[in-house]
Amino acid sequence: MNWTIIGVTLRGALGRRRTLLVALLAVVPVVIAGIIRVGGTTTSGTTLTAGLLDGLLVTTVLPLVALVFGTGVLGAELDDGTAVYLLVKPIERWRIVVSKATVAAGITMALVFPATLLAGLVVGAGRGGESIAVAFAIAVLPGSILYAVGFVALSVVTSRALIAGLLYVFIWEGLLAGLFAGTALLSVRQYVLSLARWLAGGDGRAITSSVEVQTAVVLAVIVLVVSVAIAIRRLASWEVRTVE
Amino acid sequence: MTVAAETGTRIGAEAPGGGPAIELSDVSRWYGNVVAVNEVSFALGPGVTGLLGPNGAGKSTLLHMMAGLLRPSHGDVRIHGRPTWRDPAIYREVGLVPERETVHPYLTGWQFALFNARLQQLPDPAGAAARALQTVDLADVQHRQIGTYSKGMRQRVKIAAALVHEPDVLLLDEPFNGMDPRQRLHMMELLRSMAAAGRTILFSSHILEEVERLADNVLVVYAGRLAASGDFREIRRLMTDRPHTFTVHSSDDRQLASRLVGNPSVFGVELGDGILTVRASEFAAFTMLLPRVARDAGITLFELRPTDESLESVFAYLVRR
């Protein structure tokens, strides 16, 4: 890790207008939870909390926040040319990747964790949904790391990482993982749901997941290691686009 | 002096550690079917060398290969004897000023220089950043965000970033773009003094006059090939030796042609489709001769137009030789 890279990356990421927009995106589930709470419902607290946090936070907010920052911290700099100042320095490429991924994962966690906890407690507190809210909030932490690192790697592999990331989130995870059991094995969303289900104990029955928690942990570690390895390898042989 | 892609060209003295500072051996780079750089070989030692060529000649590709940011498709690129591709350690000795203007707009000049000094892991990054900004004459505006800088100021802050660790080899891609004449002179003095201190400086330009004023030696690149290399004055002479072509429009083109053809500085005349084309040995001499001949013959000149004074045509001539 390199603190100079982390500092400048953090400054660049937080200074952009899109950061504010993404922060607003993280607030949306809390607002919706408040509306549900005020409006009243007959659905049980555990089912309601699990439904809201799965359907809104884990399926949409978490991957989108990670996508914006994961592709922004390094891929955007490779595209606009500012990464050259970083790459022509005597710094091992793994330090650059780890530093950039740390910033992307850190910001994602900082936005998604409180949003999950707050939205879960607003809709489920006092109605049996507390354990579900806490379980989801903890589960989105490794989920943030996995998504962010995966999207950082994607941004080094392709200059169209944003589109590729959206396809992964909405086509692979949103559509195919629900239709074919095998595709769920490569779904970060399913890992998060599986972990949340396990963390929630008895209340976890309200959470639907296609992957066992042991399998999810093993696959998550593999995905993390492979993503980091790909990012380092591709960055080490990254070539500048020459304007002739 | 070498012309037309002779291999093994050597320019400048040996670097302090012995051997050339920059060495390219039979280097080619292609993108699919397009050859950007074709079998280029040369060795550079301390001094200022200009990499001259028209736009699209392969200058940036060569510089990026030297900076380790592009893999040669064939051949070997070394700095101080070490291959540049996939070796971040070379950047302790190399500074690069890229052509692209983009610099982190949210940082101030000071923060950007300090960022670069810290990444170089210098013992006193703040001192090094201050010196670099002073050197490029940006100390007064160092606390302004780079996003508010003019094009020339952005160019200078990029140079400060490349100088911050006082590299032995400095590669600059079109470094004078956007600078006003005073800044340009200042930067030329700076590069000359660095070269005098034993550093190897290679800068690219498509402007002949820029190279003429700064570089002792040049590498002329045309269509991906090394068209000429060596002492600038020698190459300049070759450029002036080539025939110059003009089109002339007058009140009596036929008579003017017959008068001109007897002059020894005129290589040939051609009359066709109402246009008189003249090939002369010297540009300035012909532009003085023509009005005299026309006046003596009582012919009125309407137009005189040089047809091949672009750098491209000069390089094409060098390649043909």
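Residues numbered from 1 in each chain as written. Chains lettered and ligands numbered in written order. Predicted model: local features only at pLDDT ≥ 70, side-chain atom pairs only at ≥ 80, totals over all residues.

**Section: the overall build of chain A**
The test is simple: The helix count covers DSSP runs of H or I at least four residues long, the strand count covers runs of E at least two residues long, and both are numbered beginning at the N terminus. Restricting the calculation to C-alpha atoms gives the radius of gyration, and the globule rule supplies 2.2 Å times the number of residues raised to the power 0.38. Labels follow a simple rule on C-beta atoms placed from the backbone: if 20 or more others lie within 10 Å of a residue's own, it is buried; if 12 or fewer, it is exposed; otherwise it is partly exposed. In this description, a residue-residue contact is defined by the distance between C-beta atoms placed from the backbone, which must lie within 7 Å.
Secondary structure assignment for chain A yields 10 helices and zero strands. For 244 residues, the compact-globule estimate of 2.2 N^0.38 gives 18 Å, and the C-alpha radius of gyration of chain A, at 19 Å, lies within 12% of that figure. Principal-axis analysis of the C-alpha atoms gives chain A an extent of 65 × 35 × 30 Å. Taking all 244 residues of chain A together, the buried fraction comes to 52%. A fraction of 80% describes how many contacts in chain A between residues 6 or more apart in sequence connect residues 24 or more apart.

**Structural notes on the overall build of chain B**
What chain B contains, in helices and strands, is 10 helices and 16 strands. Of all 321 residues assigned to chain B, the portion counted as buried reaches 45%. For chain B, the share of sequence-separated contacts (at least 6 apart) that also reach a separation of at least 24 residues comes to 68%.

**Topic: the sheet that holds strand 15 (residues 275-280) of chain B**
All names here are of chain B. Threshold: DSSP calls a pair of strands paired once it identifies at least 2 bridges connecting them. Fitted lines through C-alpha atoms serve as axes, helices being fitted only where they are in contact, and the angles separating the N-to-C directions of these axes extend from 0 to 180 degrees.
One open sheet holds the four strands; their spatial order is 14-15-13-16, and the pairing between them is antiparallel. Edge positions in the sheet fall to strand 14 (266-272) and strand 16 (301-306), since each has one partner strand and no second. Taken over all neighbouring pairs, the strand axes of this sheet differ in orientation by 20 degrees on average, direction set aside. Here helix 8 (residues 253-261) sits on the sheet in contact with strand 13 (244-250), strand 14 and strand 15, set at roughly 165 degrees to strand 14.

**Side note on the packing of helix 2 (residues 109-119) of chain B against helix 4 (residues 151-163) of chain B**
All names here are of chain B. Let me state the cut-off plainly: Any angle from 65 to 115 degrees is called roughly perpendicular, while one under 35 is roughly parallel, one over 145 is roughly antiparallel, and all others are oblique. Whether a crossing is left-handed or right-handed is set by the direction in which the near helix is turned from the far one by less than a right angle, anticlockwise for left-handed and clockwise for right-handed. By the convention adopted, Pro, Cys, Tyr, Trp, Phe, Met, Ile, Leu, Val and Ala count as nonpolar, Lys, Arg, Asp and Glu as charged, and the other residues, Gly among them, as polar.
For the pair helix 2 and helix 4, the least separation of the axes is 8 Å and the interaxial angle reads 25 degrees. For the element pair helix 2 / helix 4, the angle class is roughly parallel. The interaxial crossing formed by helix 2 with helix 4 has right-handed handedness. Two secondary-structure elements touch here, helix 2 through Gly109, Phe112, Ala113 and Asn116 and helix 4 through Val157, Ala160 and Ala161. For the contact of helix 2 with helix 4, the per-class residue count stands at five nonpolar, two polar and no charged.

**Some remarks on the interface of chain A and chain B**
Residue-level contacts link 24 residues of chain A with 30 residues of chain B. Its residues placed into classes, the side of chain A that touches chain B shows 11 nonpolar, seven polar and six charged.

**Some points on helix 7 (residues 130-157) of chain A**
Test applied: Here a helix's expected span is defined as the number of its residues, less one, multiplied by 1.5 Å.
Here helix 7 of chain A spans 40 Å end to end across 28 residues, near enough to the 40 Å set by a 1.5 Å rise per residue. The buried fraction of helix 7 of chain A is high, at 23 of 28 residues.

**So, the confidence of the model for chain B**
Residues and elements named next belong to chain B. Threshold: Confidence scores per residue from the predictor, reported as pLDDT, run from 0 to 100.
On average, chain B scores 86 in pLDDT, and the residues at 70 or more come to 88%. Across chain B, the secondary-structure element scoring lowest on mean pLDDT is strand 1 (residues 2-3), at 40, and the one scoring highest is helix 2, at 96. In the model, residues 1-7 has pLDDT below 50 throughout and makes 20 contacts with residues more than four positions away in sequence or in other chains. Model confidence for the complex: the whole-complex pTM is 0.83, and ipTM, which rates the interface, is 0.85.

**A few points about the packing of helix 3 (residues 45-72) of chain A against helix 6 (residues 93-124) of chain A**
The axes of two packed helices give the description: the angle between them and the distance between them. Residues and elements named next belong to chain A. Between helix 3 and helix 6, whose axes approach to 10 Å, the crossing angle comes to 160 degrees. With respect to helix 6, the axis of helix 3 lies roughly antiparallel. As helix 3 runs across helix 6, the sense of the crossing is right-handed. Contact with helix 3, carried on its side by Gly45, Leu48, Thr49, Leu52, Leu53, Leu57, Val61, Leu62, Val65, Ala66, Phe69 and Gly70, involves Ala104, Ile107, Thr108, Leu111, Val112, Ala115, Thr116, Ala119, Gly120, Val123 and Gly124 of helix 6 and no other residues of that element.

**Quick look at the environment of Ser281(B)**
All names here are of chain B. Its location among the elements puts Ser281 in the loop between strand 15 and helix 9 (283-297). C-beta crowding within 10 Å serves as the criterion here: with 15 such atoms nearby, Ser281 is assigned to the partly exposed category. The spacing of Ser281 and Pro243 is 38 residues in sequence and 4.6 Å in space, taken between C-alpha atoms. Apart from the residues lying within four places of it in its own chain, the contact partners of Ser281 are Pro243, Ser265 and Phe267.

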